[in-house]
Amino acid sequence: MDEKMNPSEEIYQSYFSALIKGNRHVCSDIVNKLLAQNIAIRDVYINLFQRSMYEIGTLWETNKISVAIEHVATSITAFQLSLIYPTLFSRDHINKSAVVACVANEFHQIGGQMAADIFELHGWDSYFLGSNTPVTDLVTFIGEKRPDIVGLSLSIYSNQAALLETIREIKQAFPMQKIIMGGQAFNHGSIGVAQGYTNVSHVESLAALEDLLK
Amino acid sequence: MENTPCCDFIFKSSVSVLAITFDASGSIIRANVFSEALCGRTLLGTNVSDLFVNFDENTDILSLLTAGENPLILNISTAHALPEALIFHCYACSSPNDHHILFGEYNTAEMENFRSQLISMNGELNIATRKLHKQHADLKRINEAMNNLMGMAAHDLRNPIALIMGYAQTMIDFMSDKFDKKQKLFLNSIFKASKLMNDIITDMLDVTVIESGTVKLRLEDAQIADVIGDAVETGAILADRKNVKLLYPPPSPIPSVSLDRSKIQQVMDNLISNAIKYSTAGTEINIQVAHVPDEGCVKISVSDAGLGIPADEIKNIFKPFVKLTPRPTANESSTGLGMAIVKKIVEAHRGKIWVESKLGSGTTVTFTLPTV
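Since the structure is predicted, the reported quantities are computational estimates derived from the model, not experimental observations.

Draft legend 1. Helix α6 (residues 224-241) of chain B, seen in detail. Residues and elements named next belong to chain B. Its 18 residues place the ends of α6 26 Å apart at the C-alpha level, agreeing with the 26 Å of an ideal helix rising 1.5 Å per residue. Along α6, the largest kink reaches about 30° and is centred on Gly-235. Every buried residue of α6 is listed here: Ile-224, Ala-225, Val-227, Ile-228, Ala-231, Val-232, Gly-235 and Ala-239. Looking one or two residues beyond α6, the residue adopting positive phi is Asn-243, at roughly 60°.

Draft legend 2. Layout of the layout of surface pockets. When its volume is computed, the second largest pocket comes out at roughly 1,100 Å³. Around the second largest pocket, the lining is made up of 36 residues, and of these A:His71, B:Arg115, B:Ser116, B:Leu118 and B:Ile119 lie nearest the centre. Looking at the lining of the second largest pocket, the elements that each hand over two or more residues are α4 (67-88) and α5 (110-121) of chain A together with β4 (83-92) and α4 (108-174) of chain B. Considering every element that reaches the lining of the second largest pocket, the biggest residue donor is α4(B), with 15 residues. Here the lining of the second largest pocket is built from residues that sort into 15 nonpolar, 15 polar and six charged.

Draft legend 3. Looking closely at the sheet that holds strand β11 (residues 353-358) of chain B. Residues and elements named next belong to chain B. With mixed pairing, five strands are arranged side by side in an open sheet as β7-β9-β10-β12-β11. Looking at strand neighbours, the two that pair on one side only are β7 (245-247) and β11, the edges of this open sheet. Averaged over all pairs of adjacent strands, the angle between strand axes in this sheet comes to 15°, irrespective of strand direction. Direction of pairing for β11 relative to strand β12 (residues 362-370): antiparallel, over a ladder of six bridges. Paired with Trp-354 across the bridge in β12 is Thr-366.

Draft legend 4. Structural detail: the pattern of salt bridges. The full count for this structure, using the stated rule, is 14 salt bridges over all chains. Put simply, A:Lys214 and A:Asp211 hold a salt bridge, and the shortest N to O gap is 3.8 Å. Across the pair, A:Asp211 and A:Lys214 agree in class, each one exposed. A salt bridge links B:Arg115 to B:Glu112; the nearest nitrogen and oxygen atoms lie 3.0 Å apart. You can see B:Arg115 and its partner B:Glu112 sitting in helix α4, three residues apart, about one turn around the helix. The partly exposed category is assigned to B:Arg115, whose relative accessible area is 30%. One continuous salt-bridge network, built from bridges that share partners, spans A:Arg42, A:Asp43 and A:Glu210.

Draft legend 5. Focus on the packing of α5(A) against α4(B). Two numbers describe how α5(A) lies on α4(B): the axes approach to 12 Å, and their chain directions differ by 10°. Classified by the interaxial angle, the pair formed by α5(A) and α4(B) is roughly parallel. On the side of α5(A), the interface is formed by A:Gln113, A:Ala116, A:Asp117 and A:Glu120, while α4(B) contributes B:Asn126, B:Arg130 and B:Lys134.

Draft legend 6. Structural context of a nonpolar patch on the surface. Taken together, the side chains of B:Phe114, B:Leu118 and B:Met121 present a nonpolar region at the surface, about 330 Å² in accessible area. Position of B:Met121 relative to the elements: it lies in helix α4.

Draft legend 7. Fine view of the sheet that holds strand β4 (residues 178-182) of chain A. Residue and element names in this part refer to chain A. If you trace the five strands from one edge of the open sheet to the other, you get β2-β1-β3-β4-β5, paired in parallel fashion. Looking at strand neighbours, the two that pair on one side only are β2 (125-128) and β5 (200-202), the edges of this open sheet. Pairs of neighbouring strands in the sheet enclose a mean axial angle of 20°, with direction left out of account. Two elements, strand β1 (residues 97-102) and β2, share four bridges in a ladder whose sense is parallel. Paired with Val-99 across the strands is Tyr-127, a residue of β2. In the packing of helix α6 (residues 135-145) onto the sheet, contacts are made with β1, β2 and β3 (149-153), and the angle to β1 comes to roughly 175°.

What counts and what doesn't
Residues numbered from 1 in each chain as written. Chains lettered and ligands numbered in written order. Predicted model: local features only at pLDDT ≥ 70, side-chain atom pairs only at ≥ 80, totals over all residues. Heavy atoms only, no water. Helix = DSSP H or I, 4+ residues; strand = E, 2+ residues; numbered from the N terminus. Expected span 1.5 Å × (residues − 1). Bend = angle between axes of the 7 residues up to and from the residue. Buried < 20%, exposed > 50% of the residue type's maximum accessible area, 1.4 Å probe, protein only. 1 Å grid on protein atoms, 1.4 Å probe; cavity = no way out; pocket = protein on both sides within 12 Å on 5 of 7 lines; lining within 4 Å. Points joined across faces, edges and corners; volume = space filled by probe spheres on them. Nonpolar A, V, L, I, M, F, W, Y, C, P; charged D, E, K, R; others polar. Pairing = 2+ DSSP bridges. Axes fitted to C-alpha atoms, helices over the stretch in contact; angles between N-to-C directions. Salt bridge = Lys/Arg side-chain N within 4 Å of Asp/Glu carboxyl O. Parallel < 35°, antiparallel > 145°, perpendicular 65-115°, else oblique. Contact = heavy atoms within 4.5 Å. Patch = residues over 30% accessible without salt bridge, like charges linked within 9 Å, V, L, I, M, F, W, Y side chains within 5 Å. Areas by Shrake-Rupley, 256 points an atom, 1.4 Å probe, with all protein chains shown as cover.

Right, dumping it as structure tokens:
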């Protein structure tokens, strides 16, 4: 497949404009056209979805848009992911697996979902458990799947305690489990959860996750 | 109340509270921005009763509002044509005293719960969608691997089996004078068993080719009656051995059908040989073909007066390797793939196939082919 470079700035602005207006069909048209042009899936994820969701997040945090607009934009983005899934999941696996989850009381799941998809893009067998994952359920699932990496998503900075508890419980059950953490919360301040644990690290973006997987 | 600064604010600003003043007849004389935006139209001069979704024609909305029994939960028709329930408070004005002022507000706790549930369900739907796509891809991979394995195994087995069959046949045909009765029996058994294995391998290869989507029909416009005639001629030899009669009355003129001659021949060979297998001596097998102009197709049926199939097993007839209760009447062997292949071929021709059967009375297999 001849994969081209990023979507152009013009395309991004058209997409973002439709996204913020809640126009799902226009967004889908743009994504379908990009797929038909064989634009690399990672470029669509990083330069279209991630970038637009970060921009939406910033507008919401600075009270320039309401939470309702943010919710609709998130739903539209999640819908676009489903357009890509037939292509994404048809790739062969490389015998590595990952489990990605949002910690308890974390309801922003789109970032975690996209991280799980990036694993899949690189041939990993990835499982996404969604938002507000109870720690006990997560630990049980890790026991069943024995993944190479566990990814934890944190969007709200004040929810650190849930992240700490999750890492503690996982490490108690599986001391050698490799854990990576990511999400918007890390842009708002340092989170010293990695101290005292081996194999726990922060991955700052989807692009950084890709570098880790190469 | 209506002239207080608070009330004035509600009427003049775009605060999210519905505020309407109406007269004794219900005619709206004042409405705030929010109420008109919510209802999607100008409200001045319209009747307040018309704002509401009245589920019961006997309910007098105006009387209900002016009765003073606050709060009231009523549904209004919104700009999106969806009914919206608001909590209403209606008060009599001090002057003129036959006017009323109506306030409406959302039940914010209920709205918040609704929003929360919707977000939660949406999230779960996203996860379920992802899982479904992933499982679909996994199943597709497994199916392809199984098909490849079956194809490879069948190919590798073909040569040795052909060898066994060939040598057994040669010894039967040209060296039988060198063997005693028991040895000839052994040779025949070797030949029959190797032939069955060869048939199974051929069918397995057919299935893998069909399943992988690589089978290409060599379509030509043909007279179906001729193709069936050829199959009946071939089947007659087998039928004669078992004292079963094949009946194929000449059909009325039938338009051409676009078909792959060898594949439809394969279908007919399968259906006729099955009918013979499950028939007893002295019975008849009827083969019929007819044009059905209303349905734009040709209908071909093969009916036997044999053992029939139990009603609860008919649904399994097209499944590979499923053994049905009735067994061939002369212990003939079966690969278990014949009907599965027949169905695939018919469907590849955009036709349909079905079975009707009664235990003890016989079975009819019918399939259609679209006319050109």
